[in-house]
Amino acid sequence: MQAGTHLPDALQAGAGKTRALRASRGGRPPRSTPDHADGKQHLPRARGTGKVFLVGAGPGDPELLTVKAMRLICGADAVVYDHLVGEAVVALIPAGARRVYAGKEAGNHALPQHEINGLLVRLAREGHDVVRLKGGDPFIFGRGGEEMQALIEAGVECEIVPGITAAAGAASATGIPLTHREHAQTLVFATGHLKDDTVDLDWPALARPRQTVVIYMGLGALEIICTQLIGHGLPADTPAAVIHAATTPRQCGVHATLATLPGAVRDAAIRAPALIMIGEVVALDPGLVLAVAAAG
């Protein structure tokens, strides 16, 4: 899906389809930049209402930000950011910008999701152009879809700015390819933490051979995940790894098998945030997972 701007129904007269996704215009500059300074005509917004940018902050390394994300962060006048946004990325927020921490850690949510949605609407209605900064990519287990819906329903313009998702960051930082012609023709992303706090996943689908499975937010249910995958046919000696804080100075991890992974994680005291990577491709690790873990 192409990055672009989502407009509330009221702003789309004559646009053809309701709630259409418009082609990217390069992003409206922050309010510190005169409108039309980029030489382009921008679509109107409701008078006195700001715009919300749902921005992917990537896996943590600020050099992995997109150029567009960097520009928006550095020019922001209001930023609402998550727990998974890297410290070095947060440091890029201007000193004079209004900051709101809306992080979600296991069992400790600074703000419930419905309050975050309301906050974004309120800040925009106050006239702010808001950067909603989210770890990884806003549309991959980042609740960006929920926030986009809330903004559109409230009549607030929003734009999605993609980011490198944690799985891609972990792959590049460890040397574990997510796909490989000889080992994995399918790549599956799953979340180990559902809205109702269950881990009732599609185990038969996740246990299929010759694929790579990456599970986000599953560390607390690691033993259940491994047991269920083995119970549904995935060999117990399937290579597996857990990577903590990939691409950041705190990166560490363990490399094991599906059967031994829970014990290896306990022994190494790996904690969230972490990704679970399962599949034959994990055996292709050139030693970066263990090397970084030992150095940590």
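Presented here is a report on the structure given in the accompanying data block. Just so it is clear, the model here is predicted, and its values are computed rather than measured.

**A look at the sheet that holds strand β14 (residues 274-278)**
Across the sheet, five strands lie side by side as β10-β11-β14-β12-β13; this open sheet has mixed pairing. The open sheet has two edge strands with one neighbour each: β10 (186-191) and β13 (252-257). Recorded for the sheet is a direction-independent mean angle of 15° between the axes of neighbouring strands. With five bridges connecting them, strand β12 (residues 239-244) and β14 associate as antiparallel partners. When the sheet's bridge partners are listed, V242 is paired in β14 with I276. Sheet strands in contact with helix α8 (residues 261-268) are β12, β13 and β14, and its direction is about 150° off that of β13.

**A word on the nonpolar core**
With 27 residues, the main nonpolar core has L222, L229, V242, L261, V265, I276 and I278 as its most contacted residues. Ranked by the residues each element gives to this core, the list is headed by helix α7 (residues 222-231), at four residues. In this view, I278 contacts Q211, T212, V213, I215, L229, L234, T238, P239, A240 and L258; residues no more than four positions away in its chain are not counted. Among the nonpolar cores identified, the runner-up in size contains 20 residues, and A78, V100, A102 and I160 belong to it.

**Regarding the pairing of strand β3 (residues 52-56)**
In terms of burial, β3 is a largely internal element, five of the five residues being buried. Of the two faces of β3, the one holding V52, L54 and G56 and the one holding F53 and V55 are both buried throughout. Here β3 pairs with strand β8 (residues 130-134) via five bridges, running parallel. Looking at β8, one finds that G56 is bridged to K134. Of the strand pairs in this sheet, β3 and strand β9 (residues 158-161) are connected by four bridges, and their pairing is parallel. Counted as the bridge partner of V55 is V161 from β9.

**Here we look at the pairing of strand β11 (residues 211-216)**
In terms of burial, β11 is largely enclosed, as six of its six residues are buried. Going residue by residue along β11, you find Q211, V213 and I215 tucked away on one face and T212, V214 and Y216 tucked away on the opposite face as well. Pairing between β10 and β11: six bridges, direction parallel. Within the sheet, the bridge partner assigned to F189 lies in β11 and is V214. Here β11 pairs with β14 via four bridges, running antiparallel. Counted as the bridge partner of I215 is I276 from β14.

**Observations regarding the side chain of Q113**
In this structure, Q113 sits in helix α3 (residues 113-125). Here N117 takes part through its side chain, which lies 2.9 Å from a polar atom of the side chain of Q113. Here the side chain of Q113 touches E147 through a polar contact of 2.9 Å, side chain to side chain.

**As for α7**
By the burial criterion, the buried members of α7 are L222, I225, C226 and L229. Buried residues of α7 fall within an arc of 95° about the axis and therefore sit on the same side. Opposite the packed face of α7, turned more than 90 degrees from it, sit the exposed residues T227 and G231. Buried residues along α7 sit against α6 (203-206), β11, β12, α8 and β14. Positive backbone phi, approximately 110°, marks G233, located one or two places after α7.

Calculation notes
- Chains are numbered independently. Their residues run from 1 in the order of the written sequence.
- At least 70 in pLDDT is required for a residue's local features to be given in this predicted model, at least 80 for side-chain atom pairs to be given and counted, and no such filter applies to totals for whole chains, interfaces and linings, which use all residues.
- With hydrogens and water stripped out, all remaining heavy atoms of the structure feed into the side-chain values.
- Each pair of strands is called paired provided DSSP finds at least two bridges between the two strands.
- Helix numbering and strand numbering both begin at the N terminus, where a helix is a DSSP run of H or I of at least 4 residues and a strand a DSSP run of E of at least 2.
- For helices, the fitted line uses only the C-alpha atoms of the stretch in contact; every axis is such a line through C-alpha atoms, and the angle between N-to-C directions lies from 0 to 180 degrees.
- The contact criterion used throughout is that any non-hydrogen atoms of two residues lie within 4.5 Å.
- What makes a nonpolar core is a set of buried Ala, Val, Leu, Ile, Met, Phe, Trp, Tyr and Cys residues whose side-chain atoms join them at distances within 4.5 Å.
- Throughout, exposure labels follow a simple rule: accessible area from a 1.4 Å probe, protein chains only, divided by the maximum for the residue type, with under 20% read as buried, over 50% as exposed, and the rest as partly exposed.
- Polar contact is defined as a pair of N or O atoms within 3.5 Å, subject to the rule that within protein one atom must be able to donate a hydrogen and the other to accept it, and that residues adjacent in sequence are counted only when both atoms are side-chain atoms.
- What the arc measures is the spread of directions leading from the helix axis to the C-beta atoms.

Keep in mind these values describe shape, not function.
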